[in-house]
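Chain by chain, the residues:
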Amino acid sequence: MKTDNFQSPDYYNIDDLLSDEHKLIRNTVRDWVKKEVTPIIEDYAQKAEYPQELNKGIAELGGFGPYIPEEYGGAGLDQISYGLIMQELERGDSGIRSAASVQSSLVMFPIYQYGNEEQRKKYLPKLASGEFVGSFGLTEPDHGSNPSGMITNFKDQGDHYLLNGAKMWITNAPICDVAVVWAKNEEGRIHGLVVERGMEGFTTPETHGKWSLRASRTGELVFDNVKVPKENLLEGKSGLGAPLSCLDSARYGIAWGAIGAAMDCYDSALRYSKERIQFEQPIASFQLVQKKLAEMITEITKAQLLALRLGQLKNEGKATSQQISMAKRNNVKMALDIAREARQIHGGMGITGEYSIMRHMMNLESVITYEGTHDIHLLITGLDVTGINAFK
Amino acid sequence: MNILVCISKVPDTTAKIAFTDGDTKFDTNGVQFIVNPYDEWYALVRALEIKEAAGGKVTVINVGTADNDPTIRKALAIGADDAVRINMDPKDAMTTAKQITDYAKDKGFDMILCGKETIDYNGSQVAGMIAALLEQPYISYASKLDMNGNSATIERDIQGGKEVIEVQAPFVLSAAKGMAEARIPNMRGIMAARTKPLEVVEPSESADATEIVKFELPAAKGDCKYIDAENAGELLELLRNEAKVL
Ligand SMILES: Cc1cc2nc3c(=O)[nH]c(=O)nc-3n(C[C@H](O)[C@H](O)[C@H](O)COP(=O)(O)OP(=O)(O)OC[C@H]3O[C@@H](n4cnc5c(N)ncnc54)[C@H](O)[C@@H]3O)c2cc1C
């Protein structure tokens with residue numbers, strides 16, 4: 001069995017800024033990942049399957065709805081704890097973190113925030129315990145970066161809504177029990193609906209052949225005259241702002257998660273470079289390798305500080321969407337760059353499943369695209385600082 | 001069963017070891033601390049299993065300063081019912097054992113479980129001293145503990161085999177590998193630990209019986225030299241003149 005020797009880098013003693021409980025939560029998830037994820041994840045990624053048996057463990061760790069109040073089955077934790085959980089899960093694999101992100105921020109969050117008491121009671125405890133798997137349908141085949149152009153729509157039929165359209169690239173679609181689906185009403189206004197598996201006309205074909213996020217199931221949500229009961233409408237908020245607020249929460253978690261992937265790559269590269277001998281000396285003794293390692297730890301440290309500060313702002317309810325965009329963009333790119341450099345340090349070994357590097361690297365290609373592409377986040381920052389919209 | 005589990009705080013196994021104050025103190029700068037694995041993985045988890053099967057209560061005790069509270073909370077998160085911290089920085093095993101004994105002597109614990117040693121000082125002394133001070137039976141290095149009412153069947157790994165022992169509670173035991181399987185706390189446990197009682201008790205009168213004069217790191221590992229199998233002459237020459245062992 002694979003041994004996981006991961007040691008987390010903390011160059012700036014950032015641990016001193018965390019509470020004892022934060023550290024206990026982080027270390028607990030870290031121990032769990034070492035025990036439950038590391039030994040199996042490579043195999044699942046190779047097979048392109050999601051290890052669904054881990055859901056119970058993720059739930060027990062509070063990974064499904066960390067910040068959802070306890071009365072609905074959540075863990076009632078603060079935003080920094082949520083971030084640390086995502087960091088540790090993604091240290092194992094972005095696919096595991098994606099499952100937790102989607103369930104927590106894209107399914108439980110909108111039901112908690114915009115659902116009524118009955119909807120909360122009906123869905124949240126089951127999602128928190130992992131009994132239900134949720135998915136979030138915003139992206140469509142022809143509307144990715146521009147979700148406001150969506151064509152999925154619903155019509156009021158008196159005693160129910162009639163839903164038509166299709167969503168694409170949906171994490172967990174093939175295995176979901178419930179889907180939070182964003183669709184336009186007859187006036188063209190975006191609303192959220194909870195669609196349940198088993199509703200007639202609702203299918204979830206799988207997307208095969210991914211080279212990225214292989215240990216995560218992706219698929220479509222297809223609605224062919226699906227009758228959705230009226231009580232499944234999320235009444236609390238409408239308009240694009242509703243799904244975007246969910247994305248804010250998920251992107252925040254990704255900003256932390258990416259650090260986990262980066263730390264894993266750096267830790268592995270550091271260890272490998274001290275052990276691998278070429279020209280009678282460890283490759284860590286060459287300046288070119290040291291440059292890579294020194295830049296990696298510098299970038300990780302910056303990303304850690306960015307995420308922690310963003311967490312403090314989020315705890316105070318002061319983090320803006322634009323600040324979250326910056327952290328998601330910076331930290332994911334940082335992780336992807338580190339994965340690529342770490343792969344080089346591992347030489348040929350770096351392309352094998354013996355090491356987690358190539359898996360992280362391929363995963364991060366999805367992470368840099370979903371939840372707003374790298375360039376879209378740049379445009380968000382650009383708009384924020386100039387006041388000029390460069391999207392169109 | 002009312003069980004007392006002694007837990008101590010030790011540096012994480014990956015910690016860099018260095019000393020300060022003229023090599024008389026361990027340098028804690030940048031060091032991560034954990035619950036001593038033998039205490040946590042084996043003594044505590046087995047105590048919890050016994051409680052879960054037969055009812056009762058598991059109390060953890062630590063002799064140390066407030067810096068130790070995070071490690072104590074972890075034991076509570078894993079499932080201990082309450083915790084006691086004797087508020088002092090003990091310098092030797094005798095002090096620790098005496099403090100624990102003074103606390104435990106009139107509390108009627110059915111058993112006191114310790115780890116077989118701490119992974120920092122590896123003293124293996126505290127459990128035996130507690131047993132002596134309480135005048136209770138002591139079973140060291142136990143790898144299995146089964147309770148049947150008040151009587152315990154205990155296995156010890158000994159050179160080349162196993163020893164099976166029966167003893168009546170109360171007793172003191174030090175736990176070795178095999179006694180239980182490590183548990184990872186869950187979020188409910190972590191949240192419950194916030195409000196579980198952690199009683200801070202002022203120490204009884206005691207004086208350290210020994211003093212650490214100096215720490216030294218082991219000598220750095222030497223380089224490995226490879227000598228051609230044909231070249232026995234060179235080997236002899238090195239053993240004679242360089243290693244000076246011949
Ligand atoms: C593995 C995976 C899982 C996913 N899971 C989900 C999910 O669970 N739910 C969900 O709703 N979606 C999900 N997505 C979809 C994801 O959010 C979209 O892929 C993403 O928003 C980009 O959309 P697109 O793929 O259509 O690319 P496009 O929007 O077509 O973008 C293509 C390129 O054009 C650039 N571009 C687009 N517009 C502009 C512009 N105005 N200016 C400059 N450049 C521009 C982009 O930056 C990008 O480089 C997932 C995607 C993947 C890969």
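Residues numbered from 1 in each chain as written. Chains lettered and ligands numbered in written order. Predicted model: local features only at pLDDT ≥ 70, side-chain atom pairs only at ≥ 80, totals over all residues. Heavy atoms only, no water.

Draft legend 1. Local environment of the nonpolar core. Residues V5, L145 and F171 of chain B are the most contacted members of the largest nonpolar core, which totals 137 residues. Looking at this core, the element that brings in the most residues is helix α6 (residues 241-275) of chain A, giving 17 residues. Grouped together as the second largest cluster of nonpolar side chains are 20 residues, V63, V84, I112 and C114 of chain B included. (Core = buried A, V, L, I, M, F, W, Y, C linked by side-chain atoms within 4.5 Å. Buried < 20%, exposed > 50% of the residue type's maximum accessible area, 1.4 Å probe, protein only. Helix = DSSP H or I, 4+ residues; strand = E, 2+ residues; numbered from the N terminus.)

Draft legend 2. Up close: the pattern of salt bridges. Here the structure, examined in full by the defined rule, presents 41 salt bridges over all chains. Note that E316 of chain A is salt-bridged to K318 of chain A, the shortest N-O span being 3.0 Å. The closest approach of N and O atoms between K25 of chain B and D21 of chain B, which form a salt bridge, is 3.2 Å. One network of salt bridges, with partners in common, ties together R46, E49, K144 and D146 of chain B. (Salt bridge = Lys/Arg side-chain N within 4 Å of Asp/Glu carboxyl O.)

Draft legend 3. Focus on the environment of K74 of chain B. One can find K74 of chain B in helix α2 (residues 69-78). For the pair formed by K74 of chain B and I190 of chain B, sequence separation is 116 residues and the distance between their alpha carbons is 7.5 Å. What K74 of chain B contacts, discounting residues up to four positions off in sequence, is L24 and D31 of chain A together with V35, E40 and P185 of chain B. A polar atom in the side chain of K74 of chain B sits 3.4 Å from the side chain of E40 of chain B. (Contact = heavy atoms within 4.5 Å. Polar contact = N/O pair within 3.5 Å; in protein donor to acceptor, adjacent residues only side chain to side chain.)

Draft legend 4. Up close: a negative patch on the surface. Where like charges cluster on the molecular surface, the negative patch consists of D228, E230, E234 and E237 of chain B. Residue placement: E230 of chain B occurs in the loop between β13 (198-201) and α6 (232-242). (Patch = residues over 30% accessible without salt bridge, like charges linked within 9 Å, V, L, I, M, F, W, Y side chains within 5 Å. Areas by Shrake-Rupley, 256 points an atom, 1.4 Å probe, with all protein chains shown as cover. Lys, Arg positive; Asp, Glu negative; His and termini not counted. Charge placed at Lys NZ, Arg CZ, Asp CG, Glu CD.)

Draft legend 5. Focus on the side chain of T71 of chain B. Residue and element names in this part refer to chain B. Here T71 lies in helix α2. For T71, a relative accessible area of 8% puts it in the buried group. T71 has contacts with I7, K9, I34 and V35, leaving out every residue within four places of it along the chain.

Draft legend 6. Here's a closer look at the interface of chain A and chain B. At the junction of the two partners, chain A supplies 21 residues and chain B supplies 15 residues. Across the chain A/chain B interface, buried area totals approximately 1,500 Å², and carbon plus sulfur atoms make up 59% of it. Counting the surface chain A buries against chain B, the share from its top three residues, E21, L24 and T28 of chain A, is 30%. Our count for the contact surface shared by chain A and chain B stands at two salt bridges. Its salt-bridge partner being R194 of chain B, residue E21 of chain A comes within 2.8 Å of it at the nearest N-O pair. Our enumeration of links across chain A and chain B arrives at two residue pairs in polar contact (both at pLDDT 80 or more). The dominant element in the side of chain A that touches chain B, judged by the number of residues it contributes, is helix α1 (residues 20-47) of chain A, at 10 residues. By residue class, the composition of the side of chain A that touches chain B is seven nonpolar, six polar and eight charged. (Buried area = accessible area lost by both parts, 1.4 Å probe. Nonpolar A, V, L, I, M, F, W, Y, C, P; charged D, E, K, R; others polar.)

Draft legend 7. View of unusual backbone geometry. Here A169 of chain B and P170 of chain B are connected by a cis peptide whose omega angle stands at 0°. Considering the arrangement of structural elements, one finds P170 of chain B in the loop between β11 (161-168) and β12 (171-175). Residue W169 of chain A is not a glycine yet carries a positive backbone phi of 65°. Relative to the assigned elements, W169 of chain A resides in strand β3 (residues 160-171). Backbone geometry at Y141 of chain B places phi at a positive 50°, although glycine is not the residue there.

Draft legend 8. Just the sheet that holds strand β10 (residues 151-158) of chain B, in detail. Residues and elements named next belong to chain B. Taken together, the nine strands give an open sheet; going across it, the order is β11-β10-β9-β12-β8-β1-β6-β7-β13, and neighbouring strands pair in mixed fashion. Bordering the open sheet on either side are β11 and β13, each of which pairs with just one other strand. Pairs of neighbouring strands in the sheet enclose a mean axial angle of 30°, with direction left out of account. Bridge analysis of β10 against β11 gives eight bridges, and the strand direction is antiparallel. Looking across to β11, one finds that T153 is bridged to E166. (Pairing = 2+ DSSP bridges. Axes fitted to C-alpha atoms, helices over the stretch in contact; angles between N-to-C directions.)

Draft legend 9. Quick look at the site of the ligand. All names here are of chain A. In the region of the ligand, 18 residues are neighbours, and T139, S145, W169, T171 and T373 sit closest. Against a free-state accessible area of 960 Å², the protein chains account for coverage of 68% of the ligand. Broken down by class, the residue content of the shell around the ligand amounts to nine nonpolar, seven polar and two charged. (Near = heavy atom within 4 Å.)

Draft legend 10. Up close: the packing of aromatic side chains. Counted according to the given criterion, the structure contains 15 aromatic pairs over all chains. Each ring, one from W41 of chain B and one from Y42 of chain B, has its centre 6.1 Å from the other, and the planes form 90°; the classification is edge-to-face. The exposure class assigned to W41 of chain B is partly exposed, which follows from its relative accessible area of 36%. Residue class for Y42 of chain B comes out buried when judged on its relative accessible area of 9%. An aromatic cluster is present here, built from Y67, Y82, F109, Y114 and Y252 of chain A joined pairwise through their rings. In this arrangement the basic side chain of K47 of chain A is found over the ring face of Y44 of chain A, its NZ or CZ atom lying 4.4 Å from the centre. (Phe/Tyr/Trp six-rings, centres within 6.5 Å; stacked < 30°, edge-to-face > 60°. Lys NZ or Arg CZ within 6 Å of the ring centre and 35° of its normal.)

Draft legend 11. Representation of the pairing of strand β8 (residues 111-115) of chain B. All names here are of chain B. The element β8 is largely enclosed, with a buried count of five among its five residues. Burial along β8 is two-sided: the face carrying M111, L113 and G115 and the face carrying I112 and C114 are both buried. By the bridge criterion, three bridges tie strand β1 (residues 2-6) to β8 in an arrangement that is parallel. Across the sheet, residue V5 finds its bridge partner in β8, namely L113.

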